[in-house]
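Secondary and tertiary structure notes
Listed here are the chains, written in short residue letters.
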Amino acid sequence: MKRILIVVDVQKDFVDGSLGSKEALAILPSVIREIEENRKNGDYLIFTMDTHAEDYLQTFEGKNLPVSHCIKNTEGWLLDKNIREMGDYVFDTNCSILEKPGFGCPDLPKTIEEIVNNFDEDFEVVLCGLCTDICVAANAVLLRALYPSMTIKVLSHACAGSSVDKHEAALKVFSACQIEVI
């Protein structure tokens, strides 16, 4: 079975920038190992990138989370430097980078559909990244709703929440939604 690894929002602002945390820093080695394993196996890789404009603080989300972050084309918007330093082999033809304006990624289902339709193999979707209780959750539940028969997994060791308690709560929601927690 082939794997589609979705690395959610592992960007500077979420790792060691304006919304960074020690938990986010702690999962980086696990995320890197998952990416390396994905590349070694020739599986498909999708990065999502939280992407906001300069007017972020005037948006609905910005009024509820008044911390400017992931402003397009700023240093904080970039994928974490450890991922960028992995080299071109990470960003090959089996890789997509999807910008998303909010918690869920509107282009994610279409991208997964294209991958699944282009190969005569069974796929499982595996998510990791930041934040477990916000963007990982939004995308995992979105995919579960659209693909009720697809195996969907979340790698708890390669996710960090906006707090430890919220991370744990999100993992319980995943289990309740028939999303396998590893």
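Here the structure is shown first, and the text comes after it.
Quick summary incoming for the structure in this document. Throughout this description, residue numbers start from 1 for each chain and increase along the sequence as written. Note on the predicted model: pLDDT of at least 70 is required for a residue's local features to be given, and 80 or more for side-chain atom pairs to be given and counted; whole-chain, interface and lining totals, by contrast, use all residues. To obtain the side-chain values, all non-hydrogen atoms of the structure were used and water was disregarded.

1. Describing the sheet that holds strand β6 (residues 180-181)
For clarity, the cut-off: At least two bridges found by DSSP between two strands are what make those strands a pair. To qualify as a helix, a DSSP run of H or I must reach at least 4 residues; to qualify as a strand, a run of E must reach at least 2; elements of each kind are numbered from the N terminus. Any two residues whose heavy atoms approach within 4.5 Å are treated as being in contact. Here an angle of 0 to 180 degrees is reported between the N-to-C directions of two axes, which are lines fitted to C-alpha atoms, with helices fitted over the stretch in contact.
Strand order in the open sheet made by the six strands is β3-β2-β1-β4-β5-β6, with parallel pairing throughout. A strand with exactly one partner marks an edge of an open sheet, and here the two such strands are β3 (95-100) and β6. Strand direction decides the pairing type here: strand β4 (residues 123-130) and strand β5 (residues 151-160), joined by six bridges, are parallel. Across the sheet, Gly129 pairs through a bridge with Cys159, a residue of β5. Each of β5 and β6 is contacted by helix α7 (residues 164-176), which is oriented at about 170° to β5, the strand it contacts most.

2. Description of the pattern of salt bridges
Here is the rule we go by: For this document, the term salt bridge refers to a Lys or Arg side-chain nitrogen within 4 Å of an Asp or Glu carboxyl oxygen. With a 1.4 Å probe rolled over the protein chains alone, any residue whose accessible area is under 20% of its type maximum counts as buried; one over 50% counts as exposed, and the rest are partly exposed.
Under the definition given, this model contains eleven salt bridges. For Arg3, the salt bridge goes to Glu34, with nearest N and O atoms at 2.9 Å. Separated by 31 residues along the polypeptide, Arg3 in strand β1 (residues 2-8) and Glu34 in helix α2 (residues 22-41) bring together distant segments of the chain. In this structure, Arg3 and Glu34 share a single accessibility class: buried. Linked by salt bridges that have partners in common, Asp9, Asp50 and Lys100 make up one network.

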